[in-house]
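The primary structure of each chain is shown beneath.
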Amino acid sequence: MNEWNIGLAMPEWILAISALVALFLDARTPYHRKEGVGNAVWIGVIVATLWSIMQGFGLDGKEYAFRGRYGLDAFSVLFKVIFGITAMFVMAMSDTWLKRVDRGHGEFRLLTIFATMGMFFVASVEDFATLFVALELITVSFYCLTAFKRNDVRSIEAGIKYIVLGALASAFLLLGIAFIYGATGSLLLRDLASSGAADQIGHAGGALLQFGVLLTLVGLGFKIAAVPFQVWTPDVYEGAASPVTAFLSMGSKAAGFVLLLKVVRACLGPMADSGLAAASSWGALIALLAGLTILYGNLGAMWQGNLKRLLGYSSIGHAGYLLMGVMAFNHAGFTAILYYLMAYLFTVLGVFAVVVLVNGLTKSHRVDDYAGLGRTNPFLALVLTCGLLSLAGVPPLAGFFGKFLIFRAVIAKGTVVAYSLAAVGSLGVVVSMYYYLCVVKRIYMHEAPENGPMKTISGISRPMMAVLWICLIGIFVLGFFVQPFMSLAEQAASALLAG
Amino acid sequence: MDHLLIVAARDNAPVDYLPVFILLLLAVVLSVSQLAISWLLGKRVETNEAKDEPYECGIEADGHAHTRFSVKFYLVAVLFILFDIEVVFLYPWAVHFGGGVPDGVVFETRGELLGFLFAEMAVFLTILFLGWYWVVKKKALDWEEA
Amino acid sequence: MSIGPYHYLGLAAALFAIGVIGVVTRRNAIGVLIGVELMLNAANINLVAFSRFSGGLDAQIFAIFVIVIAAAEAAVALAIILQLFEKRSDVDVDRARTLRG
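The shown structure was predicted, so the numbers you read here are calculated from the model rather than taken from an experiment.

How each quantity is defined
- Sequence order sets the numbering: in each chain, residues are counted from 1 along the sequence as written.
- Here chains are named by letter from A upward and ligands by number from 1 upward, in the order in which they appear as written.
- Local features in a predicted model are, by the rule used here, given only for residues with pLDDT of at least 70; side-chain atom pairs are given and counted only at 80 or more, and totals for whole chains, interfaces and linings are based on all residues.
- Secondary structure is summarised from DSSP: a helix means a run of H or I of at least four residues, a strand means a run of E of at least two, and numbering begins at the N terminus for each.
- Radius of gyration here is computed from C-alpha atoms only, and the compact-globule reference equals 2.2 Å multiplied by the residue count raised to the power 0.38.
- Exposed residues have 12 or fewer other C-beta atoms within 10 Å of their own C-beta, buried residues have 20 or more, and residues in between are partly exposed; the C-beta atoms are placed from the backbone.
- Think of it this way: build a C-beta for each residue from its backbone, and any pair within 7 Å is a contact.
- To estimate the expected span of a helix, count its residues, drop one, and scale the result by 1.5 Å.
- Working note: the arc is built from the helix axis to C-beta atom directions.
- Amino acids outside the nonpolar list (Ala, Val, Leu, Ile, Met, Phe, Trp, Tyr, Cys, Pro) and the charged list (Asp, Glu, Lys, Arg) are all regarded as polar, and Gly is one of them.
- The predictor reports its confidence for every residue as pLDDT, a score running from 0 up to 100.
- Among buried residues, those of type Ala, Val, Leu, Ile, Met, Phe, Trp, Tyr and Cys that are joined through C-beta atoms within 7 Å form a set called a nonpolar core.

Undergrad: Looking at this structure, how should I read the overall build of chain A?
TA: A count of helices and strands for chain A gives 20 helices and 2 strands. The C-alpha atoms of chain A give a radius of gyration of 22 Å, which matches the 23 Å a tight globule of 499 residues would have. For chain A, the C-alpha atoms occupy an extent of roughly 70 × 55 × 40 Å along the three principal directions. In chain A, which comprises 499 residues, the share counted as buried stands at 64%. In chain A, of all internal contacts separated by at least 6 residues, the share reaching a separation of at least 24 is 79%.

Undergrad: Sorry if this is basic, but what is going on with helix H19 (residues 462–480) of chain A here?
TA: Each full turn of the α-helix corresponds to 3.6 residues, which orients residues three or four apart in the same direction. Residues and elements named next belong to chain A. Helix length check: H19, at 19 residues, gives a terminal C-alpha distance of 27 Å against a target of 27 Å (1.5 Å per residue), a fit within 8%. Along H19, the residues classified as buried are Val 467, Leu 468, Cys 471, Gly 474, Ile 475, Leu 478 and Gly 479. Summarising the axial view, the buried residues of H19 lie within an arc of 130 degrees, below the 170-degree limit, and thus occupy one face. Looking at H19, the residues exposed on the side facing more than 90 degrees away from the buried face are Arg 462, Ile 473 and Phe 480. As for H19, its buried residues are in contact with helix H3 (74–98), helix H14 (331–362), helix H16 (378–392), helix H17 (398–411) and helix H20 (482–498).

Undergrad: How should the interface of chain C and chain A be read in this particular structure?
TA: Accessible area lost upon the coming together of the parts is a frequently used measure of interface size. Opposite the 33 residues of chain C that make contact, chain A presents 32 residues. Those elements that provide at least two residues to the side of chain C that touches chain A are helix H1 (5–25), helix H2 (29–54) and helix H3 (58–88) of chain C. Looking at the side of chain C that touches chain A, the element that brings in the most residues is H3(C), giving 15 residues. Of the residues in the side of chain C that touches chain A, the class split is 24 nonpolar, 6 polar and 3 charged.

Undergrad: I would appreciate a short explanation of unusual backbone geometry in the present structure.
TA: Between A:Val227 and A:Pro228 the backbone carries a cis peptide bond, its omega angle lying at 5 degrees. Relative to the assigned elements, A:Pro228 resides in the loop between helix H9 (207–224) and helix H10 (232–239). In this structure, A:Pro396 follows A:Pro395 across a cis peptide bond, with omega equal to 5 degrees. You can see A:Pro396 is positioned in the loop between H16 and H17. Here A:Phe329, not a glycine, exhibits a phi torsion of approximately 50 degrees, which is positive. Locating A:Phe329 in the fold gives a position in the loop between helix H13 (307–328) and H14. Using a count of 29 C-beta atoms within 10 Å as the deciding quantity, one classes A:Phe329 as buried. The backbone phi angle of B:Lys139 is positive, close to 65 degrees, even though this residue is not glycine.

Undergrad: Which parts of the structure should I look at to understand the confidence of the model for chain B?
TA: Atom-level detail of predicted coordinates should not be read off regions where pLDDT is low. Residue and element names in this part refer to chain B. Scored by pLDDT, chain B has a mean of 77; 70% of the residues are at 70 or more. In this model residues 1–14 is a low-confidence stretch, pLDDT under 50, and it forms 20 contacts with partners more than four residues away in sequence or in other chains. Listed scores for the predicted complex are pTM 0.89 and ipTM 0.94.

Undergrad: What is the right way to read the nonpolar core from this model?
TA: One broad rule of soluble globular proteins: the nonpolar side chains tend to lie buried together. Counting 231 residues, the largest nonpolar core has A:Val122, A:Met327 and A:Leu349 as its most contacted members. Considering every element that reaches this core, the biggest residue donor is H14(A), with 23 residues.

So this is what it looks like as structure tokens:
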């Protein structure tokens, strides 16, 4: 554990080196010739992801690097692969999107790989200092990406809202870390787990630690867009460029959940399987937040006429379902969260891929302007429909199975809180069915207006086509062939619980 | 909170803050007395235009204090802060490199420690200079352009 | 007289509270930003104080990282605020309400 072992962090090294090469190339090349930057970033992300997969095969238990401040287990590998795939899909989308922008191609790609690097580090975080730095690397990159369309006042405004609330959340997170450090005298997560924190946290004696954990959860709650820290989400989703929104909705949210799981497990680890109920009010608190998040997200989405805004609210709702898994706080709950995130990856990125393409044609994100998509672009309409139905949780698609696992884990708790949470969750599912089906109805049942902008979209790039197909196939595969992915999620959840 | 209490009990060395308080007292006494003396001895003059100037004597003030500055100042200032603040990493590093860490704490031998420290700083400075190179190439420091 | 951890904690708590008040009450985006910086530095004081009184050095190094990150965050925030000023010629956060619903 006290080894340097720097080779273990090879995916991060690869990303760092390719980011620096891309930075150098960006400085060297004039405005319009940024292919070199794009290639360096693509190569970096692909090689890093493949390396992570390779590491996953050779992995035996948990390995440490940098004197125990960096850890690699099945859990980190799974998330690194998720982040790598997310980054690739997002890059395919941004290549398409950047064709409509005349400058800043190099910077956009650089910011993408910086954020990806932060996500890779987040998956291997073993202490609070690394946690904060990695999280800020992601967040600051996203501030820039959100405000990237600098001539669009909505993008700037989204950036301001994101940065003000994000910086506020960072401050709370940092204060929480300071208090946890004060209570345990160490920044390492495993010291927190072994310091008897779980005993303290359930009792009045551990006030400093309790307060610290609470503040940390506030900071992370912002990242995952849970109530009451969700206000930024719809605005930022609407204002940011579509590939950025896609990256936010998957990458940033998953990174928040990685950290949330790691911190919750470090604080309350020994209580796993006896459940959060043993930690007195913590289980109830998380259940309350999960319920409110589900209700806020799904009810808010019902009135939205803008598809990106609707997806913003729906993303809040999904954070609520994932929090239900945290509330279950056992192997089944963690497995469900991981499966849900895998399903969410293909589902939400498939939806956003279509949004990017359609927006290029119609210059609009209004749901009404999707009328006639079914006739003009049957394939895009199919991907969008499957994505939306999977988000809603219609069997036998991927999203259904994720929701099923989450609900099963929660109901198995058998407590009143768990049953009520499951009831609220099902209410959310019913509501979400309504607004997703409204969009689907618009796509198929309504004709495009005469002389409207809706036409057949041609010239979809090959990477973009690949994204669409992979997402479509992924949505079905994770719904039908559950077992292999289920065992991946189970391994990762076991690794997380083993610490 | 127990942990904190133990910690608090450990740190009971008396600290002599007398010089600080004397300094504070001096600062207050001096500034108050100067104001008081000028108020007591000075002639009362009606305020006039010349009195209201920011600088009562000397060159007449020209222009307005609230003029807009060029955005270039902002860019240079922010870049200065960013590169300036990176220097804080150099200080703890220099303490280690100068022999602040005994052998065997982080590495077995002093040579290994120095090698590691050197490599670490080389990586850090490479990244920093690459950032600087990017800034220069983007013409962010060019006063004439952009 | 001896200065113990509670003095530092009190100072940090006061600074943090001032920062929160600044963020909540200020309408000028720069004022909000200053409030956030106060909060970050309050947390930093806590880190250094805890580190000083528990003997470890790691939190002090962490505090240096936080200072650098805060600077980077402020630079990005100022750049975005400047861009809003160019579009709007004011930086009132209450008036940034094109996006709503």
